[in-house]
Each structure stands twice: as structure tokens, then as C-alpha cells.
Amino acid sequence: MSQWSAYAEYRDSGVEWMGCIPRHWAIRKLKYVAPDSSSKLDGKPEDQIYLGLEDIESGTGCLLLDDTREEVESTVIDFAEGDILFGKLRPYLAKVVHADFDGVGSSELLVLRPKGGTCGRFLFYEILAEGFIDRVDSLTYGAKMPRASSEQVGNLLVGLPPVSEQQSIAAFLDRRTTKIDRLIRKQERLIELLEEKRSALISHAVTTGLDPDVPMKESGIGWLRGIPRHWEVVRLKFIARVQSGVAKGRNLDGEDTIDVPYLRVANVQQGFVDLSDVAAIRIRRGEMDRYLLKVGDILMTEGGDFDKLGRGTVWKGQIDPCIHQNHIFVVRASGGIGPRWITTITQADYARHYFILRSKQSTNL
């Protein structure tokens, strides 16, 4: 018999996200099968493992424990082996764990303790279901840090087959998801290797060229080392103009202004421009020429995180007119220097190292 064979009879569950369920399954409020068992402690006991939201992989229940953590929240919740931990803070609702040890965790985790007759592992998968997460998301409240309350989560309905069937379904999902997770890890490792190969290929081409027999010379730059003898080494500012963009939040009341589409850091990706969400900004009418993007401009992000240092691409005039935010630099090349050459160089290892070594950190930027 196929593992996906249909049951003999189904019925409407009365729960929108769940739809039809096998007729013999029960429908119960979550609080009656796994009540909130959160209890708060002042500080982390020395012998206890601490789980923060950052330690839980979203959507899988896998843990990403960091043994080097030195600080934890002043108030924590305790949990026991077999409990289900649910991240009640949006956007962390898919951070769900079926605990296999006793420990303490963030106060933003809800502790659900399955009662007798309920297979905790089955309930873990049911809570992790997309429909359940979406329903909790619709109930979250609060403007700054939206969250779901224990009462809201506890009143949600879940479907429950007999416990033996719960165990069978949970065991099936454990086998299949473990296999899928293993394949994902392999693909992630393959992507890492391909990215390393891509970076090495770019670095080699932009520092030594394509001719393996070309005469070389010292570049005079420690991180660049040797370059082809006929190449030159120049500072970017001597072959291009570097231009900053418009700042947000300026008071322009009473001035002659216009609204113009503008690029933010999120729009400028490595090798392409993401125009799926383009905002507009108000500027003085006379500032248009100063910030206007031109075809062939090189867009480079200022920072925010290390992966955003010098990230960029070439502007092809997809939107006209369009300007850019002050966290995006525009490099406008001159003297016959191709913009694609400069953008390719910024992807090389030596350029990445240069950006990191020369970057300055203020708060989280």
C-alpha cells in the first residue's frame, strides 16, 4: 500500500487551514493537549544549556547552538525533555523545537508540554505546518515587536489521530525530513564550493589576465602581488568619479520638490539590480542632476554587513529618471575604462579583503 493511500472516509475539520481530515481524527484545542508550561527564572543556572531564538533554525527544528555565548537574557524560561518550544514573536514563528534535553531558553519562547495520549513528535510537526504558522501570524499584535499570546496559541485547534497513528506519522516524517535535510546540506556545501571556485576564477582573471605566459611584474601592493607587465596600477578616484546619494529624512517643507524613484541597499545585489520593490523619495527640484543615475554607472553598497561592503552591479537605465540613496555609491568611470571591468574587480578576493580591512564600524553598520 502506498504511504499516501487515501483513508476510507474524510470529514470537514471546521478549521480553515486544515481542511478535510480522516473521519476518525479528533479536533482539540492545543491548550488541552499541550498546555503552556512556561515558568520564568531570574538568570541562567550554570549547569543549564540556554536556547535563544538565534539558536533555532527556522522551519526545521534544528538547533544551531553556540558554545561561545557569554551573555543571555536576564529572565529565562525553563523547559524539559519532550516539551515543544514555539517562537511567539514575529517573524520567528517558524522557530519550533521538540526538546530532547532539559534546559532554559529565551522568554520569547512558549513552552508547550504534551499530555498523555499525545505524541509530542507528531504535535511538533503539526505546529510546524505552514497553515498553523500562518494562523498564528494572523493573530499577532503589537506595532514594534508583534507577537502571539499564550492564550491565542492555546485556543487554536489541532487534529489528532489515535496515538499509535500519531507515532507512525511522526516516525515517517522523521525519516523523510532527515533524508531531505541531508540532501539540503550536501547542496549547500556544493554551493559553497562553487562560490569559492567562482571567486578564485574571478580573482585570477582580474589580477593575472588570461595569458599564462605573459611577463609579470610586482604591483607594489601587498594584497595584489604580481600583475602582467603591461598593466597599470591606479587609484579608482583617478579614473572615475565616486558619488554619494541622497539622505532620507530631510525636512523639505516649503521648498520646491519632486518625488523620484530611488535605489536602496536592498535594490543593489551582487551582479544585478532587484527592482521588485522600488520606493520614491522627495528631493529639491534642483538636486535632480546631482543624484541622477546614468547608463553605465557602477552601483556599490556602502555596508551594513560585511556581505554588503562594495556589493554592486552596472546600472542599465531600467528606470528613468532614477536616483540613489546615500548608502549606495555611484562610480562613474572615465577615460575608456569599462564599468564591467571595475565591477568584476570588486568581486575579486583582494578587493573584498580591501573593503573589510578599510571598513569602519559604527553601531551595526
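For the structure given in this document, a descriptive report is provided here. (Residues numbered from 1 in each chain as written. Predicted model: local features only at pLDDT ≥ 70, side-chain atom pairs only at ≥ 80, totals over all residues. Heavy atoms only, no water.)

## Overview of the sheet that holds strand β7 (residues 84-87)
Sheets are built from strands that pair by backbone hydrogen bonding, the pairs being arranged parallel or antiparallel. Put simply, the test is: Here a strand pair is declared whenever DSSP counts at least two bridges between the two strands. Comment: elements are numbered from the N terminus, with helices defined as DSSP H or I runs of at least four residues and strands as E runs of at least two. Lines fitted to C-alpha atoms define the axes here, with helix axes fitted over just the stretch in contact, and angles between the N-to-C directions of these axes take values from 0 to 180 degrees. Between two residues, a contact is recorded if the distance between any of their heavy atoms is within 4.5 Å.
With antiparallel pairing, the 3 strands of this open sheet are ordered in space as β8-β7-β10. In the strand order of this sheet, the two ends are held by β8 (96-98) and β10 (109-112), each with one partner. With strand direction ignored, the average angle separating the axes of adjacent strands in the sheet is 20°. Pairing between β7 and β10: 4 bridges, direction antiparallel. By the bridge assignment for β10, I84 is matched with L112. Across the face of the sheet, helix α2 (residues 120-128) comes into contact with β7, β8 and β10 while running at roughly 175° to β8.

## Structural notes on the state of the cysteines
Note the threshold: When the sulfur atoms of two cysteines come within 2.5 Å, that pair is taken as a disulfide.
All told, the structure shown has 0 disulfides when counted by the stated rule. Unpaired in this structure, C119 has its nearest cysteine sulfur neighbour in C62, at a distance of 18 Å.

## Brief notes about the packing of α2 against helix α3 (residues 130-139)
Defined as follows: Should an angle fall under 35 degrees it is taken as roughly parallel, and over 145 as roughly antiparallel, whereas 65 to 115 is taken as roughly perpendicular and any remaining angle as oblique. Side-chain classes follow a simple rule in which Ala, Val, Leu, Ile, Met, Phe, Trp, Tyr, Cys and Pro form the nonpolar group, Asp, Glu, Lys and Arg form the charged group, and the remainder, Gly included, forms the polar group.
Relative to each other, α2 and α3 sit at 60°, their axes nearing to 5 Å. Here α3 runs oblique to α2, going by the angle between their axes. Across the interface between the two elements, E126, I127 and L128 of α2 pack against E130, F132 and I133 of α3. Residues belonging to the contact of α2 with α3 are distributed by class as follows: 4 nonpolar, no polar and 2 charged.

## Observations regarding the sheet that holds strand β14 (residues 240-243)
With antiparallel pairing, the 4 strands of this open sheet are ordered in space as β14-β22-β19-β20. The open sheet has two edge strands with one neighbour each: β14 and β20 (312-314). Across the sheet, the axes of successive neighbouring strands diverge by a mean angle of 20°, strand direction being ignored. Each of β19 (298-301), β20 and β22 (328-333) touches helix α8 (residues 339-346); the most contacted strand, β20, lies at about 165° to it.

## Some thoughts on the pattern of salt bridges
Selection criterion: Salt-bridge detection follows one rule: a side-chain nitrogen of Lys or Arg within 4 Å of a carboxyl oxygen of Asp or Glu.
On inspection of all chains with the given rule, the structure shows 15 salt bridges. Residue R264 pairs with D277 through a salt bridge whose shortest N-O separation is 3.5 Å. Residue R264 is located in the loop between β15 (257-263) and β16 (268-269), and its partner D277 is located in the loop between β17 (272-273) and β18 (279-284); the two are separated by 13 residues in the primary sequence. The network of salt bridges with common partners includes R250, E255, R284 and E287.

## Comments concerning the environment of V330
For the record, the criterion: Categorising residues by exposure relies on relative accessible area from a 1.4 Å probe, with only protein chains included: less than 20% of the type maximum marks a residue as buried, more than 50% marks it as exposed, and the intermediate range marks it as partly exposed.
The residue V330 is located in strand β22 in this model. Assessed through its relative accessible area of 0%, V330 is described here as buried. In this structure the C-alpha to C-alpha distance between V330 and T140, which are 190 residues apart in sequence, comes to 41 Å. Beyond its immediate stretch of four places on either side in the chain, V330 contacts R241, V242, Q243, L293, D297, I298, L299 and H324.

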